[in-house]
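Coordinate inspection notes
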Amino acid sequence: MSWRKNKKLLNEILSLSCTNYCFKLQFKCVDELFNTMDRTIIAVQRAEERELSEKLYKKLRGLGLLHPQTDELRKCLNEEMFIKPNAQAFFHVMHYLFCLLDPTEFKKRFYWPITDKRSEANFRTSTVEYLKHINEKHKLQWGDIKSYLVVMPGGKKFIIFLLELVAFVVQEQIRFREKLLGADVEAGHVAELNLKRMRKQNSFFKDYASAYISNVDEQIVQLREKIQQLEKIFNTL
């Protein structure tokens, strides 16, 4: 083989090697870019999840000022209680909210307290059925109530759903108080002093609840917008 042919072959090999190296380098850069984006997205999601969890904690503590909570529930309450699936907190929070909503209906549908694995499974099944009933009865547009919400009660989706449930319970409490107050006044069963006290309590509850519901709605809208933005970024990659 002549020197020129050897040189040509060598140049081709070097060219191919450079191309291969450049390709590997580009692939490595793209891979690092995706890893960086993944870490950034995960960090954003975790921050949003923590923020929602803290809001849920504050709302439940706020409800506790108006409606006493059991010692078991208070022990479960913390700012990160549903960052990861938390069965015990789930049982006590749902028991508390359902009893606020309708204690009579709760006794009809649920066995309480929970004492073993079988009663845990029954509670989860009854929870799904009752949530579907509430959703249909009040036309809340919660969408399809999935079993995973009660099997793995934790994470961002579960926290968002629980915030919506708390908002609904607060609204029902306002309606109940207004109805009760109106009935007592019409029947003449309330003394003037008690009437003033009830009106003050109801006013406080309405102010607290209105601010809370507005805040929750705003946070849920912002979160959904951020999720949509992240999905658009993924779709363009």
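For the structure itself, look to the data block above.
This write-up is about the structure you can find in this document. All of these numbers come straight from a predicted model, not from anything done at the bench. (Residues numbered from 1 in each chain as written. Predicted model: local features only at pLDDT ≥ 70, side-chain atom pairs only at ≥ 80, totals over all residues. Heavy atoms only, no water.)

Description of the overall build of the protein
As a reminder, the rule being used: Here a helix means four or more residues in a row that DSSP labels H or I, a strand means two or more in a row labelled E, and each is numbered from the N terminus. Residue exposure (1.4 Å probe, protein chains only): buried if accessible area is under 20% of the type maximum, exposed if over 50%, otherwise partly exposed. Every residue pair with non-hydrogen atoms within 4.5 Å of one another is taken to be in contact. With residues, only the protein chains shown are counted as cover, and all accessible areas are computed by Shrake-Rupley using a 1.4 Å probe.
Along the protein, the regular secondary structure elements total eight helices and zero strands. Classification of the 237 residues of the protein by burial places 34% in the buried group. A separation threshold of at least 6 residues defines the contact pool for the protein, and within that pool the share at least 24 residues apart is 69%. About 16000 Å² of surface is accessible on the protein, with carbon and sulfur atoms providing 55% of the total.

Focus: the pattern of salt bridges
Note the threshold: For this analysis, a salt bridge means a side-chain nitrogen from Lys or Arg found within 4 Å of a carboxyl oxygen belonging to Asp or Glu.
A complete count under the given rule lists seven salt bridges for this structure. Here Arg74 and Asp71 are joined by a salt bridge, their closest N and O atoms 2.1 Å apart. Residue Arg74 and its partner Asp71 are both found in helix α2 (residues 71–76); the two are separated by three residues, about one turn of the helix. We classify Asp71 as partly exposed; its relative accessible area is 46%.

Here's the deal with the nonpolar core
Our working definition: As used here, the term nonpolar core means buried Ala, Val, Leu, Ile, Met, Phe, Trp, Tyr and Cys residues forming a set that is joined through side-chain atoms within 4.5 Å.
Grouped together as the largest cluster of nonpolar side chains are 43 residues, with contacts concentrated most on Leu56, Phe82, Leu97 and Leu162. Mapped by element, the contributors of at least two residues to this core are α1 (3–66), α2, α3 (87–101), α5 (117–138), α6 (148–151) and α7 (156–187). The leading source of residues in this core is α7, at twelve residues.

As for the environment of Tyr148
As for its position among the elements, Tyr148 is in helix α6. Here the alpha-carbon distance between Tyr148 and Arg124, two residues 24 residues apart in the chain, equals 9.8 Å. Apart from residues lying up to four places away in sequence, Tyr148 is in contact with Pro153 and Lys157.

Focus: the packing of aromatic side chains
The condition is simple: Aromatic contacts are taken between Phe, Tyr and Trp rings whose centres are within 6.5 Å, Trp giving its six-membered ring; a plane angle under 30 degrees counts as stacked, one over 60 as edge-to-face, and the others as tilted.
Inspection of the entire model under this criterion finds 14 aromatic pairs. Judged by centre distance (6.1 Å) and plane angle (90 degrees), the ring pair of Phe90 and Phe123 falls under edge-to-face. With a gap of 33 residues between them, Phe90 in helix α3 and Phe123 in helix α5 connect regions that are remote in the sequence. Across the pair, exposure class does not vary: Phe90 and Phe123 are buried alike. Here Phe106 and Phe110 contribute two aromatic rings whose centre-to-centre distance is 4.7 Å and whose plane-to-plane angle is 15 degrees, an arrangement assigned as stacked. Clustering of aromatic rings is evident, with ring pairs tying together Phe82, Phe90, Phe91, Phe98, Phe106, Phe110, Trp112, Phe123, Tyr130 and Phe158.

What about α3?
Put simply, the rule is: The span expected for a helix works out to 1.5 Å for each residue beyond the first.
In this model α3 runs 21 Å from its N-terminal to its C-terminal C-alpha over 15 residues, within 8% of the 21 Å that 1.5 Å per residue would give. All of the buried residues in α3 are Ala89, Phe90, Phe91, His92, Val93, Met94, His95, Tyr96, Leu97, Phe98, Leu100 and Leu101.

Points about the packing of α3 against α5
For clarity, the cut-off: Note on method: axes are straight lines fitted to C-alpha atoms, helices fitted across the in-contact stretch only, with angles between N-to-C directions ranging 0 to 180 degrees. Oblique is the label for any angle not covered by the other classes, which are roughly parallel (under 35 degrees), roughly antiparallel (over 145) and roughly perpendicular (65 to 115). Crossing handedness is read from the near helix: turned anticlockwise from the far helix by less than a right angle, it gives a left-handed crossing, and turned clockwise, a right-handed one. When residues are grouped by polarity, Ala, Val, Leu, Ile, Met, Phe, Trp, Tyr, Cys and Pro land in nonpolar, Asp, Glu, Lys and Arg in charged, and all others, Gly among them, in polar.
At their nearest, the axes of α3 and α5 sit 12 Å apart, and the two run at 45 degrees to each other. The pairing of α3 with α5 is recorded here as oblique in orientation. Judged by the twist between their axes, the crossing of α3 over α5 is left-handed. Facing α3, whose interface residues are Ala87, Gln88, Phe90, Phe91, Met94, His95, Phe98 and Leu101, α5 presents Glu120, Phe123, Arg124, Thr127, Tyr130, Leu131 and Ile134. Residues belonging to the contact of α3 with α5 are distributed by class as follows: ten nonpolar, three polar and two charged.

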